[in-house]
Amino acid sequence: LPQAVVFDLDGVITDTAEFHFLAWQQLAEKLGICIDRAFNEQLKGVNRADSLTRILQHGGQADAYTPAQRQQFMTEKNELYRQLLANLSPADILTGILPLLADLRAAGCRIGLASVSENAPQVLASLGLCNWFDFCADARALTHSKPHPEIFLTACRGLGVAPAQAIGIEDAQAGIAAINASGMYSVGIGATLAGADYRLNHTGELAWPDLLAHWQAKQACP
Ligand code: BG6
Ligand code: MG
């Protein structure tokens, strides 16, 4: 049996990936930069500072602003994002997540969170999910954003589980890369993801018996 499952938050547990996009889009528009959902795929799983860098590069404004201005842009984006979070409630937990958490707990499998969002503790609290998690990686203590494996390795260490005995679930291409680089088994949620050990179109398709069967098949035939 796998000993732990580590979840990404935004876009896996709840649809806050859409809120991040809407907030960045509004900020980008102010700077005269147009971003769409296809471009946004490159921002998923990427921390705030790196996301801003990618947006400015995309708009041909890579060197246009001082560090203080960039800090101001990040603050503005975060304020827009937090306005969108205001009404978040347990009703916003994506389909399939609660039954999976319950099955994991019943199976004695540890549960971790690997979100690079500094807003993750608040999002988890608004969703009423804090008590399900045995360990949540602290985004503020990280050196690297996904696709670097640091956050998944930190989560495994916090859970006391070897990466090879753990599963990671992600909706971001950078997140799949991070899980794979950590040596964990990767589960991708989304039609366009590449490189996941096991890929589903949406969270409603997540089911513990299926996950277990796929994980076991990979152990038998790596
Ligand atoms: C990730 C999101 O979970 O967190 C990214 O996928 C986001 O879109 C990142 O930029 C950082 O979030 P925050 O809340 O710290 O700005
Ligand atoms: Mg995500």
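In the block above lies the structure referred to throughout.
Cut-offs and rules
- Residues numbered from 1 in each chain as written.
- Chains lettered and ligands numbered in written order.
- Predicted model: local features only at pLDDT ≥ 70, side-chain atom pairs only at ≥ 80, totals over all residues.
- Heavy atoms only, no water.
- Axes fitted to C-alpha atoms, helices over the stretch in contact; angles between N-to-C directions.
- Helix = DSSP H or I, 4+ residues; strand = E, 2+ residues; numbered from the N terminus.
- Parallel < 35°, antiparallel > 145°, perpendicular 65-115°, else oblique.
- Left-handed = near helix turned anticlockwise from the far one by under 90°.
- Contact = heavy atoms within 4.5 Å.
- Nonpolar A, V, L, I, M, F, W, Y, C, P; charged D, E, K, R; others polar.
- 1 Å grid on protein atoms, 1.4 Å probe; cavity = no way out; pocket = protein on both sides within 12 Å on 5 of 7 lines; lining within 4 Å.
- Points joined across faces, edges and corners; volume = space filled by probe spheres on them.
- Salt bridge = Lys/Arg side-chain N within 4 Å of Asp/Glu carboxyl O.
- Buried < 20%, exposed > 50% of the residue type's maximum accessible area, 1.4 Å probe, protein only.
- Pairing = 2+ DSSP bridges.
- Right-handed = clockwise from strand over helix to strand, strands pointing away.
- Near = heavy atom within 4 Å.
- Polar contact = N/O pair within 3.5 Å; in protein donor to acceptor, adjacent residues only side chain to side chain.
- Areas by Shrake-Rupley, 256 points an atom, 1.4 Å probe, with all protein chains shown as cover.
- Sits in = over half its atoms within 2 Å of the grid points.
- Arc of directions from axis to C-beta.

Our focus in this paragraph is the packing of helix α1 (residues 16–30) against helix α3 (residues 48–58). The packing of two helices is summarised by the inter-axis angle and the distance between the axes. Closest axis-to-axis distance for the α1/α3 pair is 11 Å, and the angle between their directions is 45°. In terms of orientation, α1 and α3 fall into the oblique class. Relative to α3, the crossing made by α1 is right-handed. Where α1 approaches α3, its residues Trp24, Leu27 and Ala28 are matched on the opposing element by Arg48, Ser51, Leu52 and Ile55. Split by residue class, the contact of α1 with α3 holds 5 nonpolar, 1 polar and 1 charged.

Estimates place the volume of the largest pocket at around 520 Å³. If you go around the largest pocket, you meet 33 residues; those closest to its centre are Val46, Asn47, Arg48, Val116 and Ser117. Elements supplying a minimum of two residues to the lining of the largest pocket: α1, α3 and α4 (67–85). Counted by class, the lining of the largest pocket contains 11 nonpolar, 13 polar and 9 charged residues. Considered as a void within the structure, the second largest pocket measures approximately 160 Å³ in volume. Considering the residues around the second largest pocket, the lining is formed by Leu113, Ser115, Ser117, Glu118, Ala120, Pro121, Leu124, Cys136, Ala137, Asp138, Ala139 and Arg140. Residues that form the lining of the second largest pocket fall into these classes: 7 nonpolar, 2 polar and 3 charged.

The next subject is the pattern of salt bridges. Inspection of the entire model under this criterion finds 7 salt bridges. Between Arg140 and Asp138 there is a salt bridge, with its nearest N and O atoms 3.2 Å apart. Each of Asp8, Lys146 and Glu170 takes part in salt bridges that share partners, so that together they form one network.

This next bit is on the pairing of strand β4 (residues 166–170). In summary, the side chains of a regular strand alternate between the two faces of the sheet. Of all the 5 residues making up β4, 5 are buried; the element is thus mostly covered by neighbouring parts of the structure. Side-chain alternation along β4 places Ala166, Gly168 and Glu170 on one buried face and Ile167 and Ile169 on a second face that is also buried. Looking at chain direction, strand β1 (residues 4–7) and β4 are connected through 4 bridges and run parallel. Note that in β4 the partner of Ala4 across the bridge is Ala166. Summarising the sheet, β4 and strand β5 (residues 185–189) pair through 4 bridges and their orientation is parallel. Paired with Glu170 across the two strands is Gly188, which belongs to β5. What joins β4 to β5 is helix α8 (residues 173–182), and the crossover it makes is right-handed.

Right, let's talk about the site of ligand 1 for a bit. Close contacts around ligand 1 come from 14 residues, with Asp10, Arg48, Ser117, Glu118 and Asn119 the closest. Interatomic distance of 2.8 Å between a backbone N/O atom of Gly45 and an oxygen atom of ligand 1. Contact distances for ligand 1 include 2.9 Å between an oxygen atom and a backbone N or O atom of Val46. If ligand 1 stood free it would expose 400 Å²; the protein chains cover 97% of that surface. When atoms are counted within 2 Å of each cavity's grid points, the one that captures over half of ligand 1 is the largest pocket.

Here 6 strands make up an open sheet; going across it, the order is β3-β2-β1-β4-β5-β6 and the pairing parallel. At either margin of the open sheet sits one strand with a lone partner, and together these are β3 (135–136) and β6 (198–200). Across the sheet, helix α5 (residues 97–106) is in contact with β1, β2 (110–113) and β4; its angle to β1 comes to roughly 155°.

Bringing helix α6 (residues 120–127) into the picture now. Buried within α6 are the following residues: Ala120, Val123, Leu124 and Leu127. Along the axis of α6, the buried residues cluster in a sector spanning 95°; they form a single face. The secondary structure elements touched by the buried residues of α6 are α1, α4, β2 and β3. Phi for Gly128, located one or two positions after α6, is positive at around 75°.

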